[in-house]
Structure formats: structure tokens, C-alpha cells
Amino acid sequence: MKKFDRRSFLKTSAAGAGIALFGPRLMPAAVTDADLGIATGEDPEAITRAAVDAVGGIGKFVSRDDVVFLKPNIGWDRLPNQAANTNPLVVAAMVKLCLEAGAKRVLVMDNSLNDARRCYTRSGIYKAATEAGAEAPFMNVRRFKLVNTGGAVLGNWPVYQDAIEVDTLINLPVAKHHSLSRLSMGMKNLYGLIGGPRHRLHQRLDEGIADLTGFFRPKLTVLDAYRILKRNGPQGGRLSDTEMRNMVIAGIDPVAVDARGAELFGLTGADLGYVRVAAERGIGTYDLSKLNIKEVTV
Amino acid sequence: MRRRIRLASQILFFIIFLVLLVQTEYKGEDTLGEPERVFPVGVFSETDLLFTPNQFMILYRGDTVRVFLEIDPLLTLAATIAAQGFFFFAIGFGVALALVVWGGKLAAGMLARLGAGDSLILAAGRYVPLTVAIAMMAWAVFPFGVDRGLPIPMTLGIATVLVTLTLGRVFCGWFCPMGTLHQFVAWLRRDKLKARIFKNQYMPSQRWKYMFLLGLLAAALLGFQITGVADPISLVIRSFSVVVSPVVNQIFNGAYDLTYATGNDAVKDFADQLYSVVAYPNLLSFHEPHFMGAVLIGGVFVILLALNLRRPRWWCRNLCPLGALLGSISRNSFYHLEIDKETCIHCGRCHSGCQGACDPEFKEGWRPAECFVCFHCVDECPVNCLSFRFGPVPAETNEYKGIDLKKRRALGAVAAALLAVPLLKASEQYKTDATQGAAEKALFNPSLIRPPGSIPEEEFLQRCVRCGECMKVCLTNALHPATFEAGVEGLWTPVLVPRIGYCEYYCTLCGQVCPTGAIRHLDVRTKINTVIGTAFFDTNRCLPFAFGKTCIVCEEHCPTSPKAIYLVPADRITRDDAVSTADPYGFGGDRWASPTEEAEAPETQDGELQSGQISPFENDQDTQPGQISPFGDDSEFDQGETVMQPRIDLDLCIGCGICEKVCVLVDKPGVYITSIGETRNPANRITLEGTFGESQQ
């Protein structure tokens, strides 16, 4: 039997402490990292941080000197309390997290559907993001590059070059109703990174959304469910269309995040066509029972 | 010296004009108000937050080019006539006219009986009528005009009138941006002294502008108001908004596009930096604007500018109705030119820089109505025999000429207008439908979609001065100058063209910039409930109806809540449901085709015919016969037997046009807007409920 004296005890303890403190960074998939992090609470910034921490912390996704493309939903000319765009406080929290992880630049952009000036301003995202230290320029129409996305439906499509040239892409959607795809959450949010005649994708929407996800593969999806849009999506209008959920759901698997998000609307991942297509293609899974889900209340 | 100050003033005001023009655009707002108000946690009176306009959308009026329109007395006059309605103004105008014509004599006579001095009598004879006219105008505007929605700042034109009364046509010589531009173009010619002396002589054609003014005002009294087409401030703003701004944008954007076309990242990055200096919100527009009818407006503008190469300030001297109005006032101005005839050597150099061609040499007398107070004559005179002085114009000589307009010509101009008006109203859109009562119009132009907040059409046409500010400021480039949608009378008034741009739901910018209140400034809550038209589906083209394809991009973009487009499930009908052309009634069997016929059959619409097989119903669901899927794989995803078809809810559609704008049918849309249901015109309805105001359509 090995000698278990004080010296070896101290060594073992030190090693254990070292692993406990630095382990998550040394070991990519440590035991403490959940597949989905769900944080609930009153403060949007606190729950965003908690959700990201639950899936391993921002350091797992953003390294020092990275250029990060943070893709919130800034699609519509609506105020934050109308839940058509990502909550600006959630956006600000993510910007701060990225900068704390040492990111060199954080870009916050979307290809808006209403007038971009109004969308950026009235959503509160321009102010929140720039005050937190990000850059939030309007998309430059000249920076869409024709790319072979490899998608069954998408094919060769104009893609915003900054979104694919950066080190890290983080998807920052808001959970909303949508008449065609039924719901618009993380996977549908990637629409804002493409140009061209994207309205035609409606003709094969579920496959198109799966194509988008398969191509962009965001490193992290953080779903803003602080206030969700339950009807008349994707932009709503009346406050009665919205509902407070005080929740943020984070995950690496975009299919799983959307599947969990669907439950906020009384649906499951299997009810969403684009989720099924993506799962069939192996982009992710919607079987939540197989995942390690960590729920935190802040 | 004064000449240089005047030149500096012209340049300064032109720069101010350009700056304000660029400022007449939505710039966004950086501040969003108190955080706890904008991001409320929990539920408390949040509804009002949806409608607070101030933080996001206001263009402060002082920051826009509108101020130039407000100081324009011709537009004040025209808008007042429009706002008053015929009878009020006719009576008021008639009384004022009488006082103007005879009031001076009355006052002078009274003063003479009281033993007043000659100069006082003279002054009374001249200035009493004018003061009366202006007082009547002011009285007309405030109690009645403002009550009927005429924005108060429009009355600033009175200030210009008072200035002109005192100093002469300094507006033309010192401030007018149109005048400065024309003077600049004329200056480009660099004529020699002799040529300049010749070109700046008075010409009889300079009386055309008075006839033009009279014609415009006479027509306006009859309810046919197109003063804005010819007003110089309106013209220059319209031309810059609709023509010059797009051209400037094209030049810079084109250059920027070229740098991106190189594909070189270093070039692109450098170009990004340069471009950001001129890009929105500095000089260029956010979206490159393009306007319908820009070529016509631009053509008129360029031709007028080109005429300066023939005679300097050709427009100002010969056609400008504002110049005519100010000239009628300035002919008795306090500040006037005087000549020492004994010193004059008749060299003619006083003409060489004369802007107004007012004959400062006093050959047959000076024409104060034409003088722009440019001070060229005073500076050029080698013997200093000319000077400007304060004081009433002496009347004892023939040296101070009135307006060179005989009664006959004046009456002719008025008569021409009075005849032209019924002639123009002979066209079809003025027809009324006798079966529905005299007042009911027979024809409604479906393309005549007016901006939200527009007043009823008859008064709209009278109030709109066609300045083009609303078109410039419209976020989505949706408003365009009409050509004939509203008849000749509606030339260059704003119409919404949804194929080009839609009306942004929460935006009220057009009402904010309209100087005359033709488009009222609505608060946001009213605006989103104001109907400007209705959407209709063209089911021959709309994808779910005609081709069984899923779409509903229109429903996705509809901004109302609940949405005005609702979805109805329908059978997905495609070619697969078609009958076989070989066997349309489905009798089947060989009786309809012999084996030899079959074998020789050319490729039919049913695709490849296998021998012995007629019916195409076994064809592969996903790939059409004879066609290869463009992406190699067949669709892995069965879209199902049901397709969603969109329908319009007449009670909710406001006609904003976003559905037409985004419809994937890029040429002729599958959903289009017509003016039916517009709130401002209760006659423009299709439903019975709409007739009684129970429904909006």
C-alpha cells in the first residue's frame, strides 16, 4: 500500500483543487458542463450570465483576441417590450461576457426586415450594445458574398462575409411565434446573416432553416426567453401578444435549444419541421431526455 | 463693399439651405429615455410606451429645410387661400382689394384735409394700401387658417413681406437659394463687359412673371392651386430632393461599388474608411433614393438653369411668381436707388452686374420692382453717381416706374386662368356619378394612395405645394411625385408606390415635415389606425393559389396585430393532380391509344410514356417528370397535402403596402394595394358596413 501521509495528502488536495479551479478550461467537456443551461430570474443580465456559465462559461467559446460576431434578432421596428427583437439587456450582457473573455472586437448586426435605423434604435440594441463596448454597424450591402453553403435548398447563396470570417459566431435569438415555421428561435434567427432573395426560402422553409444551421454552426446559442412572443409573430404588436418567462436558455446544440424553447409554447421539438430535418441530418438532437440539462434560478 | 456682403450672404444661405436639406432625413435618436421606462419589469402602464413618438422619430422642424418654405410669402398666400375655402377668402380678399385700391386715396385725402405735410400724404397714399393688404392677410390666416390646420409657422411669410416693404427685394438678391444657384450658373459664362451690359438690360419679357402670378392666384381662387409647381423655393427643394440627391448618392455609391469590385481587401478597407466620411448620417442617404418622374423634374430644373446662359437669372427676371409678388410690394420700398443725373456719364457700367435688370441708369426711369438690391451698380459706377437711400420714393418725376403691366395684359392673364381651370377640369376624374347623387365621384384612381395623415383630396390638392420634403424624408422611398394619378392638378403631389417602398408602421415623418398641413402630423396611435388603402390578392399569381407552393411572406410582414392577413388551409394543388392529356376522363385502357400511336408519341406534357402506361399518376411525387431537382437530391421533406393560402381581413388592413413590397413575385405582385378604404375619403368604400362607417373598408 502506498504511503498516505500528510505530504501526499497535500499534493492530492492541491491537484484536486487545481482541477476544480482550472479543469473546465483544461478539459473541454468537464463533468460540470451541461448541454443546456436554463436560467430563470428577474434580471436579464444575471440570467444570461448564469445560463452561459451553466454550459461551461464564456471562456469555452470565446478566446483572448477573438473577433466575435454576436447575432441578435434586430429584425423589426418594435420596442423591447413587444418581444419582436432580442432583449437589449440580454445583448448587453453577452457583449460584456465576450469582452470579459478577452475578445478583441464584438460585432452586433442583423439584416433587418423593417428600416434598419428604426430597428436598431427602437429595439434598444444599438444603444445597449455600443454602451457595453460592441460595434453595432448596419449591414453593408456590398459585404454579402456568394458562398456554396452546401445546403439542399440554400445552395449558392449570398452570405454576410463578416459572419463567416470571424473567430466566433454566437447566436442570440428571441423566442417567438411564426406562422410558417410555427416558431422562430435560434435556427430561424440565422436568416439574418444571409442576403439575396431570401423570401423565396419560404417555399421550402423547414429545409432552408436546417441548411442555415448546418452551414453557420454557431458555437453557442443563447435563446432570450425573458419575454416571448406568443402570437402574431414574428413581430407581434400588442403587449398582449407577449408573455414574461424570465428565462434564458443556452446551449451548443442549436437543435436542442430550439427543442427546449418549443416547450415554452406548449410544443415539443418533434412538432417543428425544421427541427426534425436538422436532427435527421445529424446537426443536433431534439431528444431532451438524453441531454444534461442544468436549471438555475437567480 | 456691400456687394461683397451680399455675395457672402447668398453663399451663406445657400450653404445653410444645403445643410438643412441633408438634415431633412430620419437620423434616429441615440437616447431611449429612462431605462426603467423602456425596459419595464412586470406589468405597469406599458401600453403608452408603444406610442411615445418623441424619442425616436421627431425631426425638429428647425432642423429641416422646411423653414425656407415657411418664410416664403407666396406659399403663405397660396396656403391661406387653400385653407380658407372660396367664400371666406373671396369676401376677405374682395374687401382687402377694395381697400388697397381706394384706401390709399382715402387716407391721403383725409390727411390733406387735416393739413398734413406733402411727404406724409405721399407716404399714406403708398403705404396705407399695402399695410391694409398685409393686415388682412394676417387676420385671415390666424383665426381661420390656423383653425383649419394651417401650421402657424407658415405665416412667417409675412415677415418676408415686411422686410421687402422696407428694403426691397433683398430676398431675391441676398437669401433665395434658387436665385443664388441661377446667378452662379450665369456667372460661369464669364462674359466680357460689353456683353454683360447688354444682357442685363431690362426686357419686356420681365412682365411675364406678373401675369403668371396673377394667373396662378386667379386659378387658386377657383380652387385650382398649383402655385407650388412654380414657386422657386418649392421648386428648388423638390429638384434637389428628387434629382440632385439621387445623383450625388449615385456618384459616391458608384465609386464605392467600384472599390468593392476590385475584390482586394486592402482597397475595400480603405474605401470603407473614406466612404464613412460621406456616408449616412453625414451626407448620403441611408438607402440610395430613386424617384418616379425624376427625369421630368430634373429636365425642367436643368432647362431653367441652362437659360441663365442666355440671360443671367432668366427665371428670376421672367417667370418667378414669388419674384413677381415681392416686386409688387417692393416698388414702393423705403430703401431705394437714387441717381445724380448731372454726374452720370452714361457709360452703362451700372448694368454690367445688375442682377434684376432694373435699369439703374435711369434711362427711362428705374424699375424698383425689378431691383434685387445687389449693389453692383453702386460699386461699378466710375463717377459714384448712384446711391441707395432710406426714405419714401419721390413721386414727382417719372424716374420711379411701376410694374410694366398694362391693364389689358393683367386681365388677359386672369382670364386665361379662369378659362384654363374649367378646361383642365374637363378631364375624366372630375366626373360625378349622377345615379349616386351629384357629389359622388364616378372614378377613383386605385393608384392614388396618399400618405397617412393626408387631408381630403380636394383640399389636399390646394394645400400641397409639391415641395417634395415628404418624399425626401420617407424612410423607405415610398413616396413619389405623381404624374397623372391625381390629374393635372395633382402634378408632383406625393403618392405611395408600394412596389418601391412601404409605409413604415410607426413612422410619422411625412406629417412632421409637411409645411402646409396637407399631410397632418398624426400622433403614432392615430397613425397606425389610419387607413390609406387595402390589399388585394391576385390569386392568378399568388404562389399558394396558383402553384400550390408555400409562401406567406406577406403574412409574415404584416405589421398589425392581429395581422390583417390571415391564413386558410387549402388543398395543395399541383401538376400531380392534373388529368392525363392522353386520357382526360380517366377511362383508362388501350382503347384510347394503339400501341403504335403510343410508341410514336412525342414527349407529351405527361413526361416519358412507358409502353403500356398512360396514366401519369404513378410519377414520382417530388421530382417533376422530365425534370431534375436543381440540388441533386429529391426533396427529403414532404410538405404535405395542405398549403396555407392568405386572405385579407378588411377590418384590419391599413394599406401600408409592406405585403406588396415583399411579395416574391418581383414583377407584378401577387398582392397589391389600392386606395379603397382610405380614412380620409368616406366615399372610397366597397362594403355596406364601410358606407356607414362601421367598417373601415
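Residues numbered from 1 in each chain as written. Chains lettered and ligands numbered in written order. Predicted model: local features only at pLDDT ≥ 70, side-chain atom pairs only at ≥ 80, totals over all residues.

**Student:** Break down the overall build of chain B for me, with residues and values.
**Tutor:** From N to C terminus, chain B includes 29 helices and 8 strands. Sorting the 697 residues of chain B into buried and exposed places 43% on the buried side. For chain B, the share of sequence-separated contacts (at least 6 apart) that also reach a separation of at least 24 residues comes to 77%. (Helix = DSSP H or I, 4+ residues; strand = E, 2+ residues; numbered from the N terminus. Buried ≥ 20, exposed ≤ 12 C-beta atoms within 10 Å, placed from the backbone. Contact = placed C-beta atoms within 7 Å.)

**Student:** Quick rundown of the overall build of chain A? Include the residues and the values.
**Tutor:** When helices and strands are counted, chain A shows 10 helices and 11 strands. Relative to its full complement of 298 residues, chain A shows a buried share of 57%. Expressed as a percentage of contacts within chain A between residues at least 6 apart in sequence, the contacts between residues at least 24 apart total 73%.

**Student:** Any details on the environment of Ala101 of chain A? Residues and values, ideally.
**Tutor:** Residue and element names in this part refer to chain A. Positionally, Ala101 belongs in the loop between helix 3 (88-100) and strand 3 (105-108). Through-space distance from the C-alpha of Ala101 to that of Gly57 is 9.3 Å; in sequence the pair is 44 residues apart. For Ala101, the residues in contact, after removing those within four places along its chain, are Ile58, Gly59 and Val62.

**Student:** I'd like a description of helix 5 (residues 125-132) of chain A, backed by residues and values.
**Tutor:** Of all 8 residues in helix 5 of chain A, 6 are buried, a share of seventy percent or more. Of the positions making up helix 5 of chain A, those classed as buried are Ile125, Tyr126, Lys127, Ala128, Ala129 and Ala132 of chain A.

**Student:** Outline unusual backbone geometry, listing residues and values.
**Tutor:** The amide bond that connects Gly233 of chain A to the next residue, Pro234 of chain A, takes the cis arrangement and shows omega of 5 degrees. With respect to the helices and strands, the residue Pro234 of chain A is situated in the loop between strand 9 (220-229) and strand 10 (242-251). With an omega of -5 degrees, the peptide bond running from Ser561 of chain B to Pro562 of chain B counts as cis. For Val373 of chain B, which is not a glycine, the phi torsion comes out positive at approximately 55 degrees. Among the structural elements, Val373 of chain B can be located in the loop between strand 1 (335-339) and helix 19 (376-380). Even without a glycine there, the phi angle at Arg466 of chain B is positive, about 55 degrees. One can find Arg466 of chain B in the loop between helix 21 (457-463) and helix 22 (469-473).

**Student:** Go over the confidence of the model for chain A, please, and point to the residues and values.
**Tutor:** Of the residues in chain A, 89% have a pLDDT of 70 or more, and the chain-wide mean is 91. Here residues 23-27 of chain A is modelled with pLDDT under 50, and outside its nearest four sequence neighbours on either side it reaches 7 contacts, counting other chains as well. (pLDDT = per-residue confidence, 0-100.)

**Student:** Describe in detail helix 10 (residues 273-280) of chain A, supporting the description with residues and values.
**Tutor:** All names here are of chain A. The element helix 10 is largely enclosed, with a buried count of 6 among its 8 residues. All buried positions along helix 10 are accounted for by Gly273, Tyr274, Val275, Val277, Ala278 and Ala279. As for helix 10, its buried residues are in contact with helix 7 (186-189), helix 8 (205-216) and helix 9 (254-262). Gly282 lies just past helix 10 and shows a positive phi near 85 degrees.

**Student:** Just give me the short version of the packing of helix 8 (residues 157-167) of chain B against helix 18 (residues 321-330) of chain B, but keep the residues and values in it.
**Tutor:** Residues and elements named next belong to chain B. For the pair helix 8 and helix 18, interaxial distance at closest approach is 8 Å and the crossing angle is 50 degrees. The orientation of helix 8 relative to helix 18 falls into the category oblique. Crossing handedness for the pair helix 8 and helix 18: right-handed. Of the residues in helix 18, those in contact with Val161, Thr164 and Leu165 of helix 8 are Leu326, Ile329 and Ser330. Among the residues forming the contact of helix 8 with helix 18, the class breakdown is 4 nonpolar, 2 polar and no charged. (Axes fitted to C-alpha atoms, helices over the stretch in contact; angles between N-to-C directions. Parallel < 35°, antiparallel > 145°, perpendicular 65-115°, else oblique. Left-handed = near helix turned anticlockwise from the far one by under 90°. Nonpolar A, V, L, I, M, F, W, Y, C, P; charged D, E, K, R; others polar.)

**Student:** Which residues make up the confidence of the model for chain B, and what values do they have?
**Tutor:** Detailed reading of the predicted coordinates is not advisable wherever pLDDT is low. Residue and element names in this part refer to chain B. Taken residue by residue, chain B gives an average pLDDT of 81. The fraction at 70 or more is 77%. Counting interchain partners and residues more than four positions distant, the pLDDT-below-50 stretch residues 30-49 has 21 contacts. Confidence drops under pLDDT 50 across residues 51-61; counting only partners more than four residues distant or on other chains, this segment forms 24 contacts. Scoring the predicted complex yields pTM 0.85 and, for the interface, ipTM 0.89.

**Student:** I'd like a rundown of the nonpolar core, residues and numbers included.
**Tutor:** Grouped together as the largest cluster of nonpolar side chains are 133 residues, with contacts concentrated most on Cys470, Cys474 and Cys510 of chain B. The greatest single-element share of this core, amounting to 8 residues, is contributed by helix 12 (residues 208-221) of chain B. Core analysis: the next-biggest nonpolar cluster, separate from the first, contains 96 residues, Leu70, Leu169, Tyr226 and Met247 of chain A among them. (Core = buried A, V, L, I, M, F, W, Y, C linked by C-beta atoms within 7 Å.)

**Student:** How would you summarise the environment of Leu165 of chain B if you had to cite specific residues and measurements?
**Tutor:** All names here are of chain B. Its place among the elements puts Leu165 in helix 8. Owing to 19 C-beta atoms within 10 Å, Leu165 belongs among the partly exposed residues under this scheme. It is 8.3 Å that separates the C-alpha atoms of Leu165 and Arg331, two residues lying 166 residues apart in sequence.

**Student:** So, the packing of helix 10 (residues 177-187) of chain B against helix 14 (residues 232-261) of chain B: which residues are in play, and what are the values?
**Tutor:** Residues and elements named next belong to chain B. The geometry of helix 10 relative to helix 14 is characterised by a closest axis approach of 8 Å and an angle of 70 degrees between their N-to-C directions. With respect to each other, helix 10 and helix 14 are oriented roughly perpendicular. Side by side, helix 10 and helix 14 meet where Pro177, Met178 and Leu181 of the first sit next to Pro232, Ile233, Leu235 and Val236 of the second. A class-by-class count of the residues in the contact of helix 10 with helix 14 yields 7 nonpolar, no polar and no charged.

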